[in-house]
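# Secondary and tertiary structure notes
Here's the letter readout for the chains.
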Amino acid sequence: MDVKTGLFYLFSAVLLLSSFRVITARNPVHAVLFLVLSFFQAAMIWMLLKAEFLSITLVLVYVGAVMVLFLFVVMMLDVKIEGMREGFWKHFPLAALVGILIIFEMSAVLMGGFRGVDEPKLATVVGQAVVPVSNTRELGLLLYTHYIYPLEIAAALLLVAMITAIALTLRHRKDVKTIDPSQQVHVKSSDRLLVVKMASTQPALPQQSAEVPTLEHKV
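Notes on the structure in this doc start here. All of these numbers come straight from a predicted model, not from anything done at the bench. (Residues numbered from 1 in each chain as written. Predicted model: local features only at pLDDT ≥ 70, side-chain atom pairs only at ≥ 80, totals over all residues. Heavy atoms only, no water.)

Let us look at the overall build of the chain. Scanning the chain from N- to C-terminus turns up nine helices and two strands. Reading the chain from its N end, one meets helices and strands in the order α-α-α-α-α-β-β-α-α-α-α. Within the chain, the fraction of its 219 residues that count as buried is 9%. Sequence-distant contacts in the chain: of pairs separated by 6 or more residues, those separated by 24 or more amount to 51%. Carbon and sulfur atoms make up 69% of the accessible area of the chain, which totals about 19900 Å². (Helix = DSSP H or I, 4+ residues; strand = E, 2+ residues; numbered from the N terminus. Buried < 20%, exposed > 50% of the residue type's maximum accessible area, 1.4 Å probe, protein only. Contact = heavy atoms within 4.5 Å. Areas by Shrake-Rupley, 256 points an atom, 1.4 Å probe, with all protein chains shown as cover.)

Written out as structure tokens, the structure reads:
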């Protein structure tokens, strides 16, 4: 067993363990942290497969942005675990059926093997010269040529999901003062400024004599 194979088994074991803890952890914060660990292990496996771009993208996008956002949201919401587990056994048959279906599909894919998949080549020979091949460039060419229509469909779905989320969370609160730009444009100085005429000089008020209190000492 070489070093690459040993690292693959190590990362895979940690990935399976952390993925199992994601669905079994009682604390949602711990579940999110285990999911971050799972993403890190998946990124390391992609690094072993010489897919550096996908590995760095997974760390920067999912671990650095998405999962940090999930962690803050979970910590701020303060989810009540007791209330979530009240209907566990009620929905268990449906969840078990979905789990069995997923296991069946994964078994059908894994038992068939990955035929026709070769290790990515770092260089190709063109005539007498060796030209290096960038997996990032090849991924971009494949994504924006052969899979351009699925990419556009996914982008449209994400746009619809974003607009739907904004529409569902948008609420008109009565305790918030909003500003109408149309009213600001048509405003006049007479509506906002009140000119009050006052005399230039006023008579001085008479000075009141201040009485100085005296203290009497008794001997």
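Bringing the packing of aromatic side chains into the picture now. The description of two aromatic rings rests on the distance between their centres and on the angle between their planes. Within this structure, the stated rule accounts for two aromatic pairs. Aromatic pair Phe-8 and Tyr-9: ring centres 5.9 Å apart, planes at 65°, arrangement edge-to-face. For Phe-8, a relative accessible area of 36% corresponds to the partly exposed category. Ring geometry for Phe-39 against Tyr-62: centres 5.5 Å apart, planes inclined by 55°, an arrangement best described as tilted. Of this pair, Phe-39 sits in helix α2 (residues 28-48) while Tyr-62 sits in helix α3 (residues 52-77), and the two are 23 residues apart along the sequence. (Phe/Tyr/Trp six-rings, centres within 6.5 Å; stacked < 30°, edge-to-face > 60°.)

Residues Val-68, Leu-69, Phe-70, Phe-72, Val-73, Met-76 and Leu-77 make up a contiguous nonpolar surface patch of about 710 Å² in total accessible area. In this structure, Leu-77 sits in helix α3. The class of Leu-77 is exposed, set by a relative accessible area of 58%. (Patch = residues over 30% accessible without salt bridge, like charges linked within 9 Å, V, L, I, M, F, W, Y side chains within 5 Å. Salt bridge = Lys/Arg side-chain N within 4 Å of Asp/Glu carboxyl O.)

Here the focus is the nonpolar core. Counting nine residues, the largest nonpolar core is built from Val-32, Val-36, Phe-39, Ala-43, Leu-58, Val-63, Met-67, Leu-71 and Val-74. Those elements giving two or more residues to this core turn out to be α2 and α3. Element by element, the count of residues in this core is highest for α3, at five residues. Dropping the residues within four chain positions of it, Val-36 is found in contact with Val-63 and Met-67. (Core = buried A, V, L, I, M, F, W, Y, C linked by side-chain atoms within 4.5 Å.)

This next bit is on α2. Taking 1.5 Å of rise per residue, 21 residues should cover 30 Å, and α2 covers 31 Å from first to last C-alpha, within 8% of that figure. For α2, the complete set of buried residues consists of Ala-31, Val-32, Val-36, Ser-38, Phe-39, Gln-41, Ala-43, Ile-45 and Leu-48. Where α2 starts, the residue carrying a side-chain oxygen 3.1 Å from the main-chain nitrogen of Val-29 turns out to be Asn-27. Positive backbone phi, approximately 65°, marks Lys-50, located one or two places after α2. (Expected span 1.5 Å × (residues − 1). Polar contact = N/O pair within 3.5 Å; in protein donor to acceptor, adjacent residues only side chain to side chain.)

Among the secondary structure elements, Ser-38 is positioned in helix α2. Discounting residues that sit within four places of it in the chain, Ser-38 has contacts with Leu-15, Ser-18, Ser-19 and Val-22.

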